[in-house]
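Architecture at a glance
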Amino acid sequence: MNETLRALLASVKSGEVPVEEGVDRIRNLAFEDLGYATVDHHRVLRRGFPEVVLAEGKTTAQVVGIVGSLLGRESGALVTRASEEVARALLDAHAGGDWNDTARTLLWGGAPNPKAPGRIVVVSAGTADLPVAEEAVVTAAAFGNEVDRLQDVGVAGIHRLLGQGERLRGADAIVVVAGMEGALASVVGGLSDVPVIAVPTSTGYGASFGGVAALLAMLNSCAAGVTVVNIDNGFGGGYAASLVCRRLAKERAK
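Reading the values: the criteria
Residues numbered from 1 in each chain as written. Predicted model: local features only at pLDDT ≥ 70, side-chain atom pairs only at ≥ 80, totals over all residues. Heavy atoms only, no water. Pairing = 2+ DSSP bridges. Helix = DSSP H or I, 4+ residues; strand = E, 2+ residues; numbered from the N terminus. Axes fitted to C-alpha atoms, helices over the stretch in contact; angles between N-to-C directions. Contact = heavy atoms within 4.5 Å. Expected span 1.5 Å × (residues − 1). Buried < 20%, exposed > 50% of the residue type's maximum accessible area, 1.4 Å probe, protein only. pLDDT = per-residue confidence, 0-100. Left-handed = near helix turned anticlockwise from the far one by under 90°. Nonpolar A, V, L, I, M, F, W, Y, C, P; charged D, E, K, R; others polar. Phe/Tyr/Trp six-rings, centres within 6.5 Å; stacked < 30°, edge-to-face > 60°.

1. Things to note about the sheet that holds strand β11 (residues 226–228)
A sheet is described by the order of its strands in space; here five strands give the open sequence β8-β7-β9-β10-β11, paired in parallel fashion. Strand pairing shows two members of the sheet lacking a second neighbour, β8 (146–150) and β11, which therefore form its edges. The mean inter-strand angle of the sheet, taken between neighbouring strand axes irrespective of direction, is 25°. Two elements, strand β9 (residues 173–178) and strand β10 (residues 196–200), share five bridges in a ladder whose sense is parallel. Each bridged residue has a counterpart across the sheet, and for Ile174 the counterpart in β10 is Val196. The strands touched by helix α10 (residues 212–219) are β9, β10 and β11; relative to β10, the strand with the most contacts, the crossing angle is about 160°.

The structure is reproduced here in structure tokens:
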């Protein structure tokens, strides 16, 4: 999108494209009405990151159409919560996508914003939390960050985490993914001096209430600086951490 807009503005500046025609073309660049979706092509200009497609709840044809619209204007696209059926249809329709079956994500074009360097550590409590953690990993990497995974280091064996202090201290932001009682976020928050984004997951037995117990525990964390996103929202955790890193990158560049 940025490249398309720059090329258009350069054409207007050189006189190749008349001003009024340029205004009309910019107006059409803002969004595309597909009937079932209005694809926001200006999001990258407002927020620094392009629109990301949530496949869940949409038909296969709708997801294919939305991704086609994005790839027509952007150099890449990210889809989250895609089933294998949707993934196969997307890869058939739009070549070059990278399918992560654990995260249920598809990515075209690598990092849409490679000028947002930062180091994000994604910490997950147990193997059952990996799908949500991997969604955070894919999101953070897609937005140009270096991502380090710390897997299966929950509080049931806290010694597995305590030996990783150097990796935690080297992060610009940390995403903690945990179900059950969600205690891992407080532990990491107490060991770190950077923003911690906690992601509760729906893994756990009956009284975990599908992730509500972890959500409430994380919201009540005694470790200052822990911020919480919604249950199973690995994308939201990775996105929030990327915003932190982008701001840090701007400050470092000054």
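2. A word on helix α11 (residues 234–253)
Here α11 contains 20 residues, and its C-alpha end-to-end distance of 29 Å stays within 8% of the 28 Å for a straight helix at 1.5 Å per residue. Here α11 has its buried residues at Gly234, Gly236, Gly237, Gly238, Tyr239, Ala241, Ser242, Cys245, Arg246 and Ala249.

3. Things to note about the confidence of the model for the chain
Detailed conclusions should not be drawn from predicted coordinates in areas where pLDDT is low. For the chain, the mean per-residue pLDDT works out to 88, and 94% of the residues sit at or above 70. Highest mean pLDDT in the chain belongs to β10 (97); lowest belongs to helix α2 (residues 19–29) (72).

4. A closer look at the sheet that holds strand β4 (residues 77–80)
Reading across from one edge, β3-β4-β6-β5 is the order of the four strands in this open sheet, with mixed pairing throughout. Single-partner strands in this sheet number two, and they are β3 (53–54) and β5 (98–100).

5. So, the packing of helix α6 (residues 130–142) against α11
Contact geometry of α6 with α11 gives a least axis separation of 7 Å together with a crossing angle of 35°. In this structure, α6 crosses over α11, and the sense of that crossing is right-handed. Contacts from Val132, Glu135, Ala136, Thr139 and Ala140 in α6 reach Gly234, Phe235, Gly238, Tyr239 and Ser242 in α11. Classifying every residue of the contact of α6 with α11 by side-chain character gives five nonpolar, four polar and one charged.

6. Structural notes on the pairing of strand β6 (residues 105–108)
Residues of β6 alternate between two faces, with Thr105 and Leu107 on one and Leu106 and Trp108 on the opposite face, all of them buried. In the sheet, β4 pairs with β6 via three bridges, with the strands oriented antiparallel. Bridge assignment links Val79 to a residue of β6, and that residue is Leu106. Bridging between β5 and β6 involves three bridges; their strand directions are antiparallel. Bridging from a neighbouring strand, Asn100 pairs with Thr105 of β6. Hairpin connection between β5 and β6: a loop of four residues separates the two successive antiparallel strands, and Arg104 in this loop has a positive phi of roughly 60°.

7. Focus on the packing of aromatic side chains
Evaluation of the coordinates by the stated rule reveals two aromatic pairs. Between Phe143 and Tyr239 the ring centres are 5.4 Å apart and the planes differ by 90°, which places this aromatic pair in the edge-to-face class. One end of the pair, Phe143, is in the loop between α6 and β8; the other, Tyr239, is in helix α11, with 96 residues separating them in the sequence. Of the two residues, Phe143 and Tyr239, both sit in the buried class. By the ring-pair criterion, three or more aromatic residues cluster together here, those being Phe143, Phe235 and Tyr239.

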